[in-house]
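Here is what each chain is made of, one letter per residue.
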Amino acid sequence: MITITHYITLSAILFTIGVIGVLIRRNAIVIFMCIELMLNAVNLSFVAFAHYLNSMQGQLFVFFTITVAAAEAAVGLAIIVAVFRNKETVNIDDINIMKW
Amino acid sequence: MEAYLFYIVATISVAAAVYLVFEKNPVFSALYLIQIMVCIAVLYILLEAQFIAAVQIIVYAGAIMVLFLFVIMLLNLNVQEDVKDALPFQKIPTIFLGITLFVVISIVLKSKLFQGRHGEYTTEYVNKVGNTKIIGNLLFTDYLLPFEITSILLFVAAIGAVMLAKRKI
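1. Quick word on the overall build of chain B
Moving on, step 1. Of regular secondary structure, chain B possesses seven helices and zero strands.
Moving on, step 2. N-terminal to C-terminal, the α/β element order of chain B is α-α-α-α-α-α-α.
Moving on, step 3. For 169 residues, the compact-globule estimate of 2.2 N^0.38 gives 15 Å, and chain B exceeds it by more than 25% at 21 Å.
Moving on, step 4. Counting only C-alpha atoms and orienting by the principal axes, one finds that chain B spans roughly 55 × 45 × 30 Å.

Shown next, in the form of structure tokens:
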């Protein structure tokens, strides 16, 4: 029998892997993909809670999250393209003009 | 049956997530992420969220990931050059901190903090009326304002993407 604990555990594992990826990778696009992975993990826990609480709010919230993720992907990738045009790299160690 | 499917899909998604993080080539990372998204769509179907599963496939795996792959190929990043890692000592502590984060999340979730109130949308009711119909009804009644704000958000994002990526306005 699959309970909510299984889904929440899977969600926590995926979120943790996403956090690790954000921290150890140096490629901006891969970091961005890890952020998408974290968003997906949170969406999974939303739907799992919604299912086990007989509610619809979780699914609606996931709908809005996906919309925000789409907007974020468009703007973020545009920023990466703009940075690549100026610096010829997407390695975040070389992109430090805003560092004190 | 459901348990087998859950374990198979969960194993595939976790393995793909590990490959996503440790893969050198960004194109393969993107393909692993598409695999994770399809696996999560299968889990949504197991959780009887058919509309969200379809949106996940169409919007995430279809649109967003194609955008990612498009940018990777546009910037010609699929040839990974050997760049020197400025902080090589960061990897091991990061993995330990990640495991700590997982343990903390598990403790929080195991404690009975999340005793939510049960709603009215039971599985029988949802299956009788239809998942998509209920979501549509809620979107255009109770959640009309967030829905309209979403359209503004997408509009702003489209304009912002064009403004940022254009060389000279």
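Having seen the model, we can carry on.
2. Description of the environment of Y4 of chain B
Residues and elements named next belong to chain B.
Moving on, step 1. With respect to the element layout, Y4 can be found in helix α1 (residues 2-22).
Moving on, step 2. The class of Y4 is exposed, set by 9 C-beta atoms lying within 10 Å.
Moving on, step 3. Sequence separation of Y4 and G130 is 126 residues, and the distance between their C-alpha atoms is 26 Å.

3. Observations regarding the packing of helix α1 (residues 4-24) of chain A against α1 of chain B
When two helices pack together, you describe them by how their axes are tilted relative to each other and by the distance separating the axes.
Moving on, step 1. Relative orientation of the contacting elements α1 of chain A and α1 of chain B amounts to 10 degrees, with a least axis distance of 9 Å. Compared by their axis directions, α1 of chain A and α1 of chain B come out roughly parallel. Across from H6, L10, I13, L14, I17, I20 and G21 of chain A in α1 of chain A, the residues of α1 of chain B making contact are F6, A10, S13, V14, A17, V18, L20 and V21 of chain B.
Moving on, step 2. Here the contact of α1 of chain A with α1 of chain B is composed, by residue class, of 12 nonpolar, three polar and no charged.

4. A few points about the interface of chain A and chain B
Moving on, step 1. Chain A puts 58 residues into the contact, and the matching count from chain B is 68 residues.
Moving on, step 2. Elements with a minimum of two residues in the side of chain A that touches chain B: α1, α2 (28-52) and α3 (57-87) of chain A.
Moving on, step 3. A total of 21 residues in the side of chain A that touches chain B trace back to one element, the largest contributor, which is α3 of chain A.
Moving on, step 4. Grouping the amino acids of the side of chain A that touches chain B by side-chain chemistry returns 43 nonpolar, 11 polar and four charged.

5. A look at the nonpolar core
As a rule of thumb, soluble globular proteins bury nonpolar side chains together.
Moving on, step 1. With 67 residues, the main nonpolar core has I29, M33, L37 and V47 of chain A together with I36 of chain B as its most contacted residues.
Moving on, step 2. At the level of secondary structure, the elements contributing two or more residues to this core comprise α1, α2 and α3 of chain A together with α1, α2 (26-46), α3 (50-74) and α7 (144-165) of chain B.
Moving on, step 3. Ranked by the residues each element gives to this core, the list is headed by α2 of chain A, at 14 residues.
Moving on, step 4. Residues from two domains meet in this core; each of domain 1 (1-79) and domain 2 (120-169) of chain B gives at least three.

6. So, the domain arrangement of chain B
Residues and elements named next belong to chain B.
Moving on, step 1. Each assigned domain of chain B is listed with its residue range as follows: domain 1 (1-79) and domain 2 (120-169).
Moving on, step 2. If you average the C-alpha positions of domain 1 and of domain 2, the two centres end up 21 Å apart.
Moving on, step 3. With four residues of domain 1 in contact, the opposing surface of domain 2 contributes five residues.
Moving on, step 4. Along the lines of polarity and charge, the residues of the side of domain 1 that touches domain 2 split into two nonpolar, one polar and one charged.

7. Re the packing of α2 of chain B against α3 of chain B
All names here are of chain B.
Moving on, step 1. Orientation of α2 relative to α3, taken along the N-to-C sense of each, is 175 degrees, at an axis distance of 8 Å. Our classification of the angle between α2 and α3 gives roughly antiparallel. Along the contact surface, α2 presents P26, V27, A30, L33, I34, M37, V38, I40, A41, Y44 and I45, while α3 presents Q50, I52, A53, Q56, I57, Y60, A61, M65, F68, L69 and I72.
Moving on, step 2. When grouped by side-chain class, the residues that make up the contact of α2 with α3 number 20 nonpolar, two polar and no charged.

8. Here's the deal with the environment of M37 of chain B
Moving on, step 1. By the secondary structure assignment, M37 of chain B is in helix α2.
Moving on, step 2. Placed 20 residues apart in sequence, M37 of chain B and I57 of chain B show a C-alpha to C-alpha distance of 7.2 Å.
Moving on, step 3. Apart from the residues within four sequence positions on either side, M37 of chain B is in contact with N40 of chain A together with Q56, Y60 and A61 of chain B.

9. So, α7 of chain B
Moving on, step 1. With 22 residues, α7 of chain B ought to run about 32 Å at 1.5 Å a step, and its terminal C-alpha atoms sit 32 Å apart, in line with that.
Moving on, step 2. The buried fraction of α7 of chain B amounts to two of the 22 residues, a small share that puts the element mostly on the outside.

10. Thoughts on α2 of chain A
Note that an α-helix has 3.6 residues per turn; residues three or four places apart therefore point the same way.
All names here are of chain A.
Moving on, step 1. With 25 residues, α2 extends 37 Å between its outermost C-alpha atoms, agreeing within 8% with the 36 Å of an ideal straight helix rising 1.5 Å per residue.
Moving on, step 2. Of all 25 residues in α2, 20 are buried; the element is thus mostly enclosed.
Moving on, step 3. Count one or two residues on from α2 and you reach N54, which has phi positive near 55 degrees.

11. So, the environment of E124 of chain B
Residue and element names in this part refer to chain B.
Moving on, step 1. Secondary-structure assignment places E124 in helix α5 (residues 123-129).
Moving on, step 2. Of the residues examined, E124 has 9 C-beta atoms within 10 Å and is grouped as exposed.
Moving on, step 3. Expressed as a C-alpha distance, the spacing of E124 and T100, which sit 24 residues apart in the sequence, is 40 Å.

12. Quick look at unusual backbone geometry
Residue and element names in this part refer to chain A.
Moving on, step 1. Its identity is not glycine, yet N54 carries a phi of approximately 55 degrees, on the positive side.
Moving on, step 2. Checked against the element boundaries, N54 lands in the loop between α2 and α3.
Moving on, step 3. Of note in this structure, E88 is not a glycine but carries a positive phi near 60 degrees.
Moving on, step 4. Note that E88 resides in the segment after α3.

The rules behind these values
- Residues numbered from 1 in each chain as written.
- Chains lettered and ligands numbered in written order.
- Predicted model: local features only at pLDDT ≥ 70, side-chain atom pairs only at ≥ 80, totals over all residues.
- Helix = DSSP H or I, 4+ residues; strand = E, 2+ residues; numbered from the N terminus.
- Rg over C-alpha atoms; globule rule 2.2 N^0.38 Å.
- Buried ≥ 20, exposed ≤ 12 C-beta atoms within 10 Å, placed from the backbone.
- Axes fitted to C-alpha atoms, helices over the stretch in contact; angles between N-to-C directions.
- Parallel < 35°, antiparallel > 145°, perpendicular 65-115°, else oblique.
- Contact = placed C-beta atoms within 7 Å.
- Nonpolar A, V, L, I, M, F, W, Y, C, P; charged D, E, K, R; others polar.
- Core = buried A, V, L, I, M, F, W, Y, C linked by C-beta atoms within 7 Å.
- Domains from an automatic or database assignment.
- Expected span 1.5 Å × (residues − 1).

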